[in-house]
Amino acid sequence: MLDPLGALTDAFTSFLFGKVETTRLPVRTSTGQAQAVYLPTAAPGLGDSGVIIGREVYSGKGYIYDPFQLYGQQLPAPHWLVLGESGNGKSALEKTYVLRQLRFRDRQVVVLDAQGEDGVGEWNLIAQELGITPIRLDPTAALNGGIRLNPLDPSITTTGQLALLRTIIEVAMGHGLDERSGFALKVAHAYVTETITARQPVLTDIVEQLRHPEAESAEAMNVDIDDVRAWGLDVALVLDRLVDGDLRGMFDGPTSAGIDLDAPLIVFDLSHIDRNSIAMPILMAIVGVWLEHTWIRPDRKKRIFLVEEAWHIINSPFVAQLFQRLLKFGRRLGLSFVAVVHHLSDVVDGAAAREAAAILKMASTRTIYAQKADEARATGRVLGLPRWAVEIIPTLTPGIAVWDVNGNVQVVKHLITEAERPLVYTDRAMTEASAISEASAMPTDEARALQAAADAEAEARAEAMAMERQWRDESSETVA
């Protein structure tokens, strides 16, 4: 307590000079340390309309992303690239993203499912849950009345058919068609489409015409008929593989009836095809062009085209060119292309480096899960990621990824609801059983580590349940 004289002095000083504030010594620190004082401050989000992905790690805010909502002002293109090594959550993200997008009435999704086990693709459970029958492309089943896609389907324009035939041949041969082979193919295709009108033309008709060209075709170019036959021989041999070789049955007949292109989800099950064979890029090309001419329509629907193992597309110059056109064309009609790739080096150092760069440039959204340090540095250079993001990529745990949405870079934890969990983790029961049996034989430290992982999973499950309750309370215009 101040003495009377001190109190009088303070009152007189305050009257003359105003209230005297306490003076504190300055503190010198770094910007990074000073940021801790402002904990509520965080990077701006992407808005509050669209699909809930999870939460931003550093701020704890909900993270919402939707390329159709962001397109225009915040996003120059709706296409999305997902990167990361296996086991870090790419598949879970894709599946929950599709399920949540389908809650909107104007969404439609096509998935090229190139992975699977037990004889079915990994999207089979989700398809069953939605009452959808996957379109299973299987050479063995096709011979017994299975699914067929006809490259010469009349719903595809004649220009599109010829471009598709050229791509099939170039992918199989590993190089572009020369002028003479291209002429022989064009002549055969023109004759088949003009003369066969009572039914769908099929590849067998093209092969037959290449082997036995019409004299009128040779006379039109003032060349010998034997020359035209010789020019088309290699082309005929390549197409014969689709007619009478290891890929027969899937493309050498009229398109199968009953393929519902108006279903909310369309799954092409490619799990029966050897992913490392030349058949996979051929399949990608045929399905891509077929969808371009039969599925994408100006009906104001928002469409998502998700491709597993997308390096089969980006790593082939001829297939990449087709999909590059599809991306440009689709952007005008509301198409979001989602490419899932394990390693960016698989494509940027491949035969289609130029085409890959063009496709990557169109992907304004990039999601990067954990990668090894050298791969993360290479990815950062190609995608132009900030240094801090490149440094944390090798340290990311499963379910957490770096999101770069047109320069807005954040670290996001993906959350999964209990309703989604059994559809997302299709091998969960087997994994848990094996983990329990191995735990009994583990040393104490390993057992503790397993228990810690289980505790972390339980925490994540509780967070997901809380998020699910929040979603239920959202309006019909917001994904629950």
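Everything here concerns the structure above.
The following paragraphs examine the structure supplied in this document. (Residues numbered from 1 in each chain as written. Predicted model: local features only at pLDDT ≥ 70, side-chain atom pairs only at ≥ 80, totals over all residues. Heavy atoms only, no water.)

So, the packing of aromatic side chains
Any two aromatic rings considered together are summarised by their centre-to-centre distance and by the angle between their planes. Note the following rule: When the centres of two rings from Phe, Tyr and Trp lie within 6.5 Å, Trp using its six-membered ring, the rings pair. Their planes under 30 degrees apart give stacked, over 60 give edge-to-face, and anything left gives tilted. Numbering of helices and strands starts at the N terminus; helices are DSSP runs of H or I of at least 4 residues and strands are runs of E of at least 2. Summary of the burial criterion: residues with accessible area below 20% of their type's maximum are buried, those above 50% are exposed, and those between are partly exposed, where the area comes from a 1.4 Å probe applied to protein chains only.
Tallied over the full model, the rule gives twelve aromatic pairs. Ring centres of Trp80 and Tyr97 lie 4.8 Å apart, and the angle between their planes is 75 degrees; on these two criteria the pair is classed as edge-to-face. Of this pair, Trp80 sits in strand E3 (residues 79-83) while Tyr97 sits in helix H4 (residues 90-101), and the two are 17 residues apart along the sequence. Take Trp80 and Tyr97: they sit in the same class, and that class is buried. With a centroid separation of 6.4 Å and an interplanar angle of 85 degrees, the aromatic rings of Phe268 and Trp290 are classed as edge-to-face.

Some remarks on the side chain of Glu375
Definition in use: Charged residues are defined here as Lys and Arg on the positive side and Asp and Glu on the negative side; His and the ends of the chain fall outside this count. Just to be clear on terms, a salt bridge is a Lys or Arg side-chain nitrogen sitting within 4 Å of an Asp or Glu carboxyl oxygen.
The residue Glu375 is located in helix H18 (residues 373-383) in this model. It turns out Glu375 is buried and unbridged, and the closest side chain with the opposite charge, Lys372, is 8.3 Å from it.

Topic: a nonpolar patch on the surface
Basically, it comes down to this: Surface patches are defined over residues having more than 30% relative accessible area and no salt bridge, joining like charges when they lie within 9 Å and nonpolar side chains (Val, Leu, Ile, Met, Phe, Trp, Tyr) when within 5 Å. Shrake-Rupley sampling with a 1.4 Å probe provides the accessible areas, and residues are treated as covered by the protein chains on show and by no other component.
Taken together, the side chains of Val57, Tyr58 and Trp388 make up a nonpolar region of the molecular surface, amounting to roughly 320 Å² of accessible area. Note on placement: Tyr58 falls in the loop between strand E1 (51-56) and strand E2 (62-65). The class for Tyr58 is exposed, based on a relative accessible area of 59%.

Considering the pattern of salt bridges
What the rule picks out here adds up to 18 salt bridges. Glu85 serves as the salt-bridge partner of Lys372, at 3.3 Å between the closest nitrogen and oxygen. Placement of Lys372 in the loop between strand E11 (363-368) and H18 and of Glu85 in the loop between E3 and H4 is noted, with a sequence separation of 287 residues between them. You can call Lys372 exposed: its relative accessible area is 52%. Where Asp404 meets Arg366, a salt bridge forms, and the shortest distance between an N and an O atom there is 3.6 Å. With Asp404 in strand E12 (residues 400-405) and Arg366 in strand E11, this residue pair connects regions lying 38 residues apart in the sequence. Connected through shared salt-bridge partners, Asp66, Asp106, Arg107 and Lys302 make up one network.

Overview of the nonpolar core
Side chains of nonpolar character tend, in soluble globular proteins, to be buried together. The cut-off we apply is this: To define a nonpolar core, start from buried Ala, Val, Leu, Ile, Met, Phe, Trp, Tyr and Cys residues and group those joined through side-chain atoms within 4.5 Å. Contacts: residue pairs with any heavy atoms within 4.5 Å of one another.
With 131 residues, the main nonpolar core has Tyr65, Leu239, Phe268, Phe305 and Trp403 as its most contacted residues. At eleven residues, helix H13 (residues 279-294) tops the list of elements feeding residues into this core. Beyond its immediate sequence surroundings of up to four residues, Leu239 is in contact with Leu165, Ile168, Ile169, Leu185, Ile206, Val207 and Leu210.

Quick look at H18
Note that an α-helix has 3.6 residues per turn; residues three or four places apart therefore point the same way. Just so we agree on the cut-off: Note: the arc covers the axis-to-C-beta directions of the helix.
Among the residues making up H18, those that are buried are Glu375, Ala376, Thr379, Gly380 and Leu383. Angularly, the buried residues of H18 cover 135 degrees about the axis, an arc narrow enough to put them on a single face. Where H18 terminates, the next one or two residues include Gly384, which has phi positive at roughly 70 degrees.

Focus on the packing of helix H15 (residues 317-332) against helix H17 (residues 353-362)
Heads up, the rule is: Helix axes are fitted to C-alpha atoms over the stretch in contact, other axes to C-alpha atoms as well, and angles between N-to-C directions run from 0 to 180 degrees. The scheme is simple: roughly parallel for angles under 35 degrees, roughly antiparallel for over 145, roughly perpendicular for 65 to 115, oblique for anything else. Should the near helix be turned counterclockwise from the far one by less than a right angle, the crossing is left-handed, whereas a clockwise turn marks it as right-handed. Throughout, the ten residues Ala, Val, Leu, Ile, Met, Phe, Trp, Tyr, Cys and Pro are labelled nonpolar, Asp, Glu, Lys and Arg are labelled charged, and all others, Gly among them, are labelled polar.
Running from N to C, H15 and H17 cross one another at 25 degrees; their axes reach a closest spacing of 9 Å. Between H15 and H17, the angle is such that the two are roughly parallel. The two elements H15 and H17 cross, and the hand of that crossing is left-handed. Together, Pro317, Ala320, Gln321, Gln324, Leu327 and Lys328 of H15 and Glu355, Ala358, Ile359 and Met362 of H17 make up the contact between the two elements. Taken together, the residues of the contact of H15 with H17 break down into six nonpolar, two polar and two charged.

Details of the environment of Glu94
Residue placement: Glu94 occurs in helix H4. Classification of Glu94 by relative accessible area gives buried; the value is 3%. Measuring from C-alpha to C-alpha, the distance between Glu94 and Val340 comes to 8.8 Å, with 246 residues separating the pair along the chain. Apart from the residues lying within four places of it in its own chain, the contact partners of Glu94 are Trp123, Leu306, Glu308 and Val340.

Points about the sheet that holds E12
Note the following rule: Strands are treated as partners if at least two bridges between them are detected by DSSP.
Reading across from one edge, E2-E1-E13-E12-E11-E3-E10-E9-E4-E8-E7 is the order of the eleven strands in this open sheet, with mixed pairing throughout. Looking at the sheet topology across the chains shown, the edges are occupied by E2 and strand E7 (135-136). Sheet topology note: the E7/strand E8 (residues 265-269) ladder contains two bridges and is parallel. Its bridge partner lying in E8, Ile135 is registered against Phe268. Sheet strands touched by H17: E3 and E11. Its angle to E11, the strand with the most contacts, is close to 90 degrees.

Quick word on the pairing of E11
With respect to burial, E11 is a largely interior element, six of its six residues being buried. Two elements, E11 and E12, share four bridges in a ladder whose sense is antiparallel. Pairing of Thr367 across the sheet is with Trp403, part of E12.

Here we look at the packing of helix H7 (residues 158-173) against helix H12 (residues 233-244)
In contact at an axis separation of 10 Å, H7 and H12 are set at 95 degrees when each is read in the N-to-C sense. Classed by the angle they form, the pair H7 and H12 counts as roughly perpendicular. Contact residues: Leu165, Ile168, Ile169, Ala172 and Met173 in H7; Asp234, Val235, Val238, Leu239 and Leu242 in H12. Split by residue class, the contact of H7 with H12 holds nine nonpolar, no polar and one charged.

Concerning the environment of Arg105
Relative to the assigned elements, Arg105 resides in the loop between H4 and strand E4 (107-113). Overall, the relative accessible area of 73% leaves Arg105 in the exposed class.

Some thoughts on the pairing of strand E9 (residues 302-307)
Here E9 lies mainly inside the structure; five of its six residues are buried. For E4 and E9, the ladder comprises six bridges, and the chain directions are parallel. Counterpart to Arg107 in the pairing with E9 is Lys302. For E9 and strand E10 (residues 335-341), the ladder comprises five bridges, and the chain directions are parallel.

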